[in-house]
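# Notes for the structure review
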Amino acid sequence: MKKKTLVELRHIADRIPKQCPCEIATFLSPICKEWKFAFLNGHLVFMADENPVLVMPLTTIYGTLRVRDILYILCNNGVLHYFDRKTHRHWIIFLDNTDEDIFGCMFN
């Protein structure tokens, strides 16, 4: 999958519903193993080679959306994370366009 544009990602973010931490856990639990993440003490923990690489408190997540092989996680601060299931690539984008490529692509 190629990196999406800011306009495309803003349209996707508009489709993400507001979810409480329980709804987020319920939505993500069935796909944890396949997408290489786990839940630990109210946090979503992303694993790479069995080592935690990103820890995200559930209370900081606005909502989630899965579209085919892409998982989108919108945070309360306007940051959108998106993950490709096939390649395990992870992108981070600031939807307010403060610095579109500050992190670029992670988890190659």
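Note that the structure is a prediction, hence the values are computed from the model and not measured. (Residues numbered from 1 in each chain as written. Predicted model: local features only at pLDDT ≥ 70, side-chain atom pairs only at ≥ 80, totals over all residues. Heavy atoms only, no water.)

### Observations concerning the nonpolar core
Counting residues in hydrophobic clusters, the biggest one holds 16 residues, and the most contacted among them are Phe-37, Leu-44, Phe-46, Met-56, Leu-71 and Ile-73. Counting residues per element, the ones that place at least two in this core are α2 (21-28), α3 (32-35), β2 (43-48), β3 (51-57) and β5 (70-75). Looking at this core element by element, the count peaks at three residues for β5. Ignoring any residue separated from it by four or fewer positions in sequence, one finds Ile-73 in contact with Leu-44, Phe-46, Met-56, Ile-61, Gly-63, Thr-64, Val-79, Leu-80, His-81 and Phe-83. The next biggest cluster of nonpolar side chains, apart from the first, holds 15 residues, and it includes Ile-12, Ala-13, Trp-91 and Leu-95. (Core = buried A, V, L, I, M, F, W, Y, C linked by side-chain atoms within 4.5 Å. Buried < 20%, exposed > 50% of the residue type's maximum accessible area, 1.4 Å probe, protein only. Helix = DSSP H or I, 4+ residues; strand = E, 2+ residues; numbered from the N terminus. Contact = heavy atoms within 4.5 Å.)

### Some details on the pairing of strand β7 (residues 90-94)
Most of β7 sits out of view: five of its five residues are buried. Judged by which residues are buried, β7 turns out to be covered on both faces: His-90, Ile-92 and Phe-94 on one side and Trp-91 and Ile-93 on the other are all buried. Across five bridges, the pairing between strand β6 (residues 79-84) and β7 is antiparallel. Counted as the bridge partner of Tyr-82 is Trp-91 from β7. (Pairing = 2+ DSSP bridges.)

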